[in-house]
Amino acid sequence: MKPPPFEYFTPASVEDALALLGEHREQAKVLAGGQSLVPLLNFRLARPRYLVDLNGIPHLDYIREEDGWLAIGAMTRQRAVERSALVRDRCPLLAEAMPQIGHVQIRNRGTIGGSLAHADPAAELPAIVAALGGRLVVRGPDGERVMAPERFFVGYLTTALEPFELLVGVRLPVRRSRTGHAFVEVSRRHGDFALVGVAAALTLDAAGACADAALALTGVGPTPVVAAAATRVLVGQRPSAEAFQEVGRRVSETLEPDSDLHASSEYRKHLAGVLTRRALTRAAERARGGEG
Amino acid sequence: MKMSDKVPVRLTVNGTSREGRCEPRKLLVDFLREDLGLTGTHVGCEHGICGACTIMLNGEAARSCIMLAVQADGAEIVTIEGLAQAGQLHPLQEAFREHHGLQCGFCTPGMLMTALDFLHVHPDPTEAEIREGISAVLCRCTGYQGIVNAVKAAAPALNRSR
Ligand SMILES: Cc1cc2nc3c(=O)[nH]c(=O)nc-3n(C[C@H](O)[C@H](O)[C@H](O)COP(=O)(O)OP(=O)(O)OC[C@H]3O[C@@H](n4cnc5c(N)ncnc54)[C@H](O)[C@@H]3O)c2cc1C
Ligand code: FES
Ligand code: FES
């Protein structure tokens, strides 16, 4: 099918875009990379009267380090993040996840902000922001608000963004020393959305015991699921196959994923446990090896 | 401006400046096929899954079914029609013919553009890399083996012509 008619705007600044959104509210939709929105238009699942294309706005496309954070502009293409040496060095978890998002053709157009604002429960980026405790930078008519992921992601394809607000960027804490990361997922076919994915970060103390651990999962709930209780047991323990197995068991136990066309609830629970163990094992190896 | 008002779109396709007028809702693939008469680019699923509509946009492979024509204003595009030169098939097209990389041909334009982009990044690919590289395009006929063989065979020829 083809998109329904709409009025098309290409604002040249964030202020102009916000003015359009303020005027048209629920009747307007923002267009970023279009890799999720245009399919919805084609199927007429989205029927905005006004389409506000962000592609003409300069300064929303950047990757830089700011006071201990890696800051990425909302309109930065996924492919640019995948290729960035700064991202590989400061946020290896993000670097590892990028090639797992769709295909190159999708990442050439798809943006960081678009993926976060779309908030697909199977998407990699929301889980990474959740695992690392990143921040979402939102601009509205009254200025900027900086949101934690647990407040930003509110449900299936739903965020706390108001119709008159824009996501302008994301910040991720830069890698600490003695910290290892891993992003692992299982999908039916390369390039498909994953059935379940796990983002893990593990920090060791000078003696080699776990000082901190963080986990977030995709595909097992309406938003990224942060497994805080299950990882807390690791703190103070030396990394071991048994300890990681136990965390995997606990994570799996607490989840109640829906069954759908792609996988049953039982299978997703099973995968969550297995992938948790694999992600933690890899993260611990990397923390010891100093490679992030 | 009314919704049905047409807007100008100017772009370079296969090295030639082209222009047309269309509604903002027109998909790039439909603009190429209907307004510019370049029907080599196929349209299959219209939601970014099958890859039949893959083109090169400013030097990178992209899906033309999930992009608006107005968004390509000013862009440089290469379509399947841009591969053969002066009546001579491109080495990649030769390899597809030689190695049975196509049967019905529906996926072939997207497959060729995808393979071209892939071989630019991976001049000497392994079979596993090729399979991953072409996984962005669905083929209902060949079972992929002929396509994999063709891409592998084309790599040295493409390197020579660089
Ligand atoms: C075949 C295929 C496979 C894919 N596989 C994956 C995958 O494995 N993992 C994955 O994570 N994604 C996948 N995607 C989705 C892809 O990553 C999209 O690019 C992404 O979800 C949306 O980003 P976009 O820039 O294209 O946004 P758009 O499609 O332009 O927008 C998406 C939504 O976000 C809103 N929006 C966009 N930017 C902003 C902003 N700055 N402020 C406020 N609202 C905004 C839009 O209004 C719209 O509602 C896939 C897509 C396709 C077509
Ligand atoms: S027609 Fe564009 S991906 Fe299927
Ligand atoms: S040759 Fe028929 S779909 Fe690929």
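It should be emphasised that the depicted structure is a prediction, and the values quoted were computed from it without experimental measurement.

Caption draft 1: The sheet that holds strand 10 (residues 166-173) of chain A, seen in detail. All names here are of chain A. Read across the sheet, five strands follow the order 4-5-10-6-7 without closing on themselves; strand pairing throughout is antiparallel. A single partner strand is all that each edge strand has here, and the edge strands are strand 4 (63-66) and strand 7 (143-147). If you compare each strand with its neighbour and ignore which way they point, the axes differ by 25° on average. The sheet contact formed by strand 5 (residues 69-73) and strand 10 spans five bridges and is antiparallel. When the sheet's bridge partners are listed, isoleucine 72 is paired in strand 10 with valine 170. Sitting on the sheet, helix 1 (residues 14-24) is in contact with strand 6 (135-140) and strand 10, with an inclination near 125° to strand 10.

Caption draft 2: Spatial organisation of helix 5 (residues 145-160) of chain B. Residues and elements named next belong to chain B. End to end, helix 5 covers 24 Å across 16 residues, agreeing with the expected 22 Å (1.5 Å per residue, within 8%). Roughly 30° is the biggest bend found in helix 5, and it falls at alanine 154, with proline proline 156 one to four residues downstream. For helix 5, the complete set of buried residues consists of Ile147, Val148, Ala150, Val151, Ala154 and Ala155. The inward-facing, buried residues of helix 5 abut helix 2 (91-98), helix 3 (108-121) and helix 4 (127-133).

Caption draft 3: How the structure looks around the domain arrangement of chain A. Residues and elements named next belong to chain A. Looking at the assigned domains, one finds that chain A contains domain 1 (7-56), domain 2 (63-173) and domain 3 (179-289). Taken over C-alpha atoms, the centre of domain 1 sits 19 Å from the centre of domain 2. By residue number, the principal contributor to the side of domain 1 that touches domain 2 is helix 1, which donates five residues. The residue inventory of the side of domain 1 that touches domain 2, partitioned by class, reads eight nonpolar, five polar and two charged.

Scoring rules and cut-offs
- Along each chain, the written sequence defines residue order, and numbers are assigned to residues from 1.
- Here the convention is simple: chains get letters from A, ligands get numbers from 1, in the order in which they are written.
- Owing to the predicted nature of the model, reporting of local features is limited to residues with pLDDT of at least 70; listing and counting of side-chain atom pairs is limited to 80 or more, with chain, interface and lining totals taken over all residues.
- Only strands joined by at least two bridges in the DSSP assignment are considered to pair.
- The helix and strand labels rest on DSSP assignments: H or I over at least four residues marks a helix, E over at least two residues marks a strand, and numbering proceeds from the N terminus.
- Axis geometry follows a simple rule: fit a line to the C-alpha atoms, using only the stretch in contact for helices, then measure angles between N-to-C directions, giving values from 0 to 180 degrees.
- We call two residues in contact whenever the C-beta atoms placed from their backbones are within 7 Å.
- What a helix should span is 1.5 Å times the count of its residues minus one.
- What we call the bend at a residue is the angle made by axes fitted to the seven residues finishing there and the seven residues starting there.
- Residues with at least 20 other C-beta atoms within 10 Å of their own are called buried, those with 12 or fewer are called exposed, and the rest are partly exposed. The C-beta atoms themselves are positioned from the backbone.
- Boundaries between domains were set according to an automatic or database domain assignment.
- Three classes are used: nonpolar for Ala, Val, Leu, Ile, Met, Phe, Trp, Tyr, Cys and Pro, charged for Asp, Glu, Lys and Arg, and polar for all others, with Gly counted as polar.

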